[in-house]
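Analysis of the macromolecular model
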Amino acid sequence: MRTDPQPTHSGFSRRKFLKGLGATSVAGGMLTTAGEPEAAEQAAPDPAAPVGPGEVTITLNINGEDKTVSVEPRTTLLDALRNRLDLTGSKKVCDRGTCGACTVLQDGRPVYACSILAIDAQGTVITTIEGLGSPEKLGAVHTAFIENDAQQCGFCTPGFVVATTALLNHTADPTSEQAQAALGGNLCRCGTYAGIKQAVLDAAKAMKGGA
């Protein structure tokens, strides 16, 4: 004669175990679905999170155009301009932010491109010497530098032209002292400072329509 198996001490049978397992699986699936938006929110990239060390894609506004380049986060604006965008007018001389040969305009202010990370220049307007004119279309500052022999080797000249442009954009009629102070961050190893100072004053006069 067959008899039913004796219940365990806990009163928990195999049938009850399987039923409980199924209910737990369903509930777990519901919890996962409900929690997806929160998980997605947590997975959103943090703009303050570090990037690199490999290359990242950035967009720079250079001379009125957006340029997309891939650079390592440690790449300076100067190296990005020269090595990735073929804008070699900004010269790499000291690479220490002391000579001014790499001067560019950032939102209208003269800055050393060797002292700014390219990734940090995003969202700003960068103007290089190439954006201020060309051999076929010289501006008043370029012309004044040529007429006053304000260059010899010419290696530092782009930085001086950019710095002079920044000065004249804000001070239309600078004094000799103001010109000297404004260009104090640029060095000329050839020593053409007298010609440079006169070029600044002549460019200011030309931009005002003077002779």
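Here's a quick rundown of the structure.

Remarks on the sheet that holds strand 1 (residues 56–62)
On the basis of which strands lie adjacent, the open sheet formed by five strands has the order 2-1-5-3-4 and mixed pairing. Sheet topology places strand 2 (65–71) and strand 4 (109–112) at the edges, where each strand pairs with a single neighbour. On average, each strand axis in the sheet is inclined to that of its neighbour by 45 degrees, with strand direction left out of account. Here strand 3 (residues 103–106) runs beside strand 5 (residues 125–127); their pairing, made up of two bridges, is antiparallel. Bridge pairing in strand 5 places Gln106 opposite Ile126. Along the sheet, helix 2 (residues 77–84) contacts strand 1, strand 2, strand 3 and strand 5; its crossing angle with strand 2, the most-contacted strand, is approximately 95 degrees. Across the sheet, helix 4 (residues 157–170) touches strand 3 and strand 4, and the angle it forms with strand 3 is around 35 degrees.

Description of the pattern of salt bridges
Counted by the stated rule, this structure contains six salt bridges. Asp79 is the partner of Lys92 in a salt bridge, and the nearest nitrogen-oxygen pair spans 2.9 Å. One end of the pair, Lys92, is in the loop between helix 2 and strand 3; the other, Asp79, is in helix 2, with 13 residues separating them in the sequence. Exposure remark for Lys92: the relative accessible area of 37% places this residue in the partly exposed category. Here Lys92 and Asp95 are joined by a salt bridge, their closest N and O atoms 3.9 Å apart. Since its relative accessible area comes to 29%, Asp95 is described here as partly exposed. What you see here is one network of salt bridges that share partners, running through Asp79, Lys92 and Asp95.

Observations concerning the pairing of strand 1
Summarising the sheet, strand 1 and strand 2 pair through seven bridges and their orientation is antiparallel. Considered in strand 2, the bridge of Asn61 is made with Asp66. The antiparallel pairing of strand 1 with strand 2 creates a hairpin that spans two residues between the two strands, and Asn63 there sits at a positive phi of about 50 degrees. Two elements, strand 1 and strand 5, share two bridges in a ladder whose sense is parallel. Of the residues in strand 5, the one forming a bridge with Ile62 is Ile126.

Criteria and cut-off values
Residues numbered from 1 in each chain as written. Predicted model: local features only at pLDDT ≥ 70, side-chain atom pairs only at ≥ 80, totals over all residues. Heavy atoms only, no water. Pairing = 2+ DSSP bridges. Helix = DSSP H or I, 4+ residues; strand = E, 2+ residues; numbered from the N terminus. Axes fitted to C-alpha atoms, helices over the stretch in contact; angles between N-to-C directions. Contact = heavy atoms within 4.5 Å. Salt bridge = Lys/Arg side-chain N within 4 Å of Asp/Glu carboxyl O. Buried < 20%, exposed > 50% of the residue type's maximum accessible area, 1.4 Å probe, protein only.

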